[in-house]
Amino acid sequence: AEGPRLSYRATMMVTLNAKRLESLGAQCLAEILVQISTGDAPIQRRVMELASAAAPKQAAREIRRRLDFIGRSRTYIDSERRDAFIADIGKQRRAIREQVAKHDPGDALDLLWQLTELAGEVILRCDNRDDTVLDAFRAACHDLAEIAAESRPDREKLAERTFQAICANS
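Residues numbered from 1 in each chain as written. Predicted model: local features only at pLDDT ≥ 70, side-chain atom pairs only at ≥ 80, totals over all residues. Heavy atoms only, no water.

**Q** What am I meant to see in the environment of Ala-140 here?
**A** For Ala-140, the location among the structural elements is in helix 9 (residues 132–151). Once the C-alpha coordinates of Ala-140 and Gln-92 are considered, the two residues, 48 residues apart in sequence, prove to be 9.6 Å apart. If near-sequence neighbours (up to four positions away) are discounted, Ala-140 is found in contact with Arg-93, Leu-112, Leu-115 and Thr-116. (Helix = DSSP H or I, 4+ residues; strand = E, 2+ residues; numbered from the N terminus. Contact = heavy atoms within 4.5 Å.)

Pasting the structure below:
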């Protein structure tokens, strides 16, 4: 008597492993990732995050693009969207600190300035009764100070930019 037959899908689940995926090659895996992530923004961002980890300059470009998008957006961030937005800001902050700053503190400093400059406009379009969105930007300010110490920018330019940021802080 034969044992129960496994369906094709069950067989694939049993035999799918890293070794088999490696045999597909980078090009094929890249195409699969693009196909899987198409139309799914969180998966696309995660795939880009993974790809960017290997290339700090690419990471900086992707972060800059994301921050530009956040800055251009006019969508109201209500209580339902707030947690996802805060998570996104946190992810951008961590990527700057963990991926970009290790290789190019000057670029990381510029990105953190870009991030903190978003605060005023973002807060105006937020349901932010408990200051959690503001806290995400405060954390970026803390990172800004640390990265500024690491990158050692021109003191006069840093003082001028800091003064302008303070004056523009509503």
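**Q** Just to check I follow, could you spell out helix 9 for this structure?
**A** An α-helical turn contains 3.6 residues, so any two residues separated by three or four positions project in the same direction. Spanning 20 residues, helix 9 covers 28 Å between terminal C-alpha atoms, matching the ideal 28 Å at 1.5 Å per step. Within the span of helix 9, buried status applies to Val-133, Ala-136, Phe-137, Ala-140, Asp-143, Leu-144, Ile-147 and Ala-148. Relative to the axis of helix 9, the buried residues are bounded by an arc of 140° and lie together on one face. Exposed positions of helix 9 whose direction lies more than 90 degrees from the buried face are Ala-145 and Ala-149. The elements touched by buried residues of helix 9 are helix 6 (79–100), helix 7 (105–117), helix 8 (119–124) and helix 10 (155–168). Where helix 9 ends, the next residue or the one after it, Arg-152, has phi of about 50°, a positive value. (Expected span 1.5 Å × (residues − 1). Buried < 20%, exposed > 50% of the residue type's maximum accessible area, 1.4 Å probe, protein only. Arc of directions from axis to C-beta.)

**Q** Explain the nonpolar core to me, please; I cannot follow it from the model alone.
**A** A general feature of soluble globular proteins is that nonpolar side chains tend to end up buried together. Ranked by internal contacts, the top residues of the largest apolar core, which has 29 residues, are Phe-85, Leu-115, Val-122 and Phe-137. Counting only elements with at least two residues in this core, the list comes to helix 5 (56–72), helix 6, helix 7, helix 8 and helix 9. Here this core takes seven residues from helix 9, the largest share from any one element. Excluding anything up to four places from it in sequence, Phe-137 contacts Phe-85, Ile-89, Leu-115, Thr-116, Leu-118, Ala-119 and Val-122. (Core = buried A, V, L, I, M, F, W, Y, C linked by side-chain atoms within 4.5 Å.)

**Q** How do you make sense of the packing of helix 5 against helix 7 when you look at a structure like this?
**A** Two numbers describe a pair of packed helices, the interaxial angle and the distance between the axes. One can describe the packing of helix 5 onto helix 7 by two numbers: an axis separation of 10 Å at closest approach and a directional angle of 10°. In terms of orientation, helix 5 lies roughly parallel with respect to helix 7. Contacts between helix 5 and helix 7 involve Lys-57, Ala-60, Ile-63, Arg-64, Leu-67 and Asp-68 on the former and, on the latter, Asp-107, Asp-110, Leu-111, Gln-114 and Leu-115. (Axes fitted to C-alpha atoms, helices over the stretch in contact; angles between N-to-C directions. Parallel < 35°, antiparallel > 145°, perpendicular 65-115°, else oblique.)

**Q** Explain the pattern of salt bridges here, please?
**A** As a working rule, side chains carrying opposite charge can pair if their charged atoms are close by. The final tally for this structure, using the stated rule, is ten salt bridges. One salt bridge connects Glu-98 with Arg-97, and the closest N-O pair in it is separated by 3.6 Å. Measuring nitrogen to oxygen at the nearest pair gives 3.7 Å for the salt bridge that ties Arg-161 to Asp-110. One end of the pair, Arg-161, is in helix 10; the other, Asp-110, is in helix 7, and 51 residues separate them in sequence. Each member of the salt-bridge network shares a partner with another, and the members are Arg-93, Arg-97, Glu-98 and Asp-143. (Salt bridge = Lys/Arg side-chain N within 4 Å of Asp/Glu carboxyl O.)

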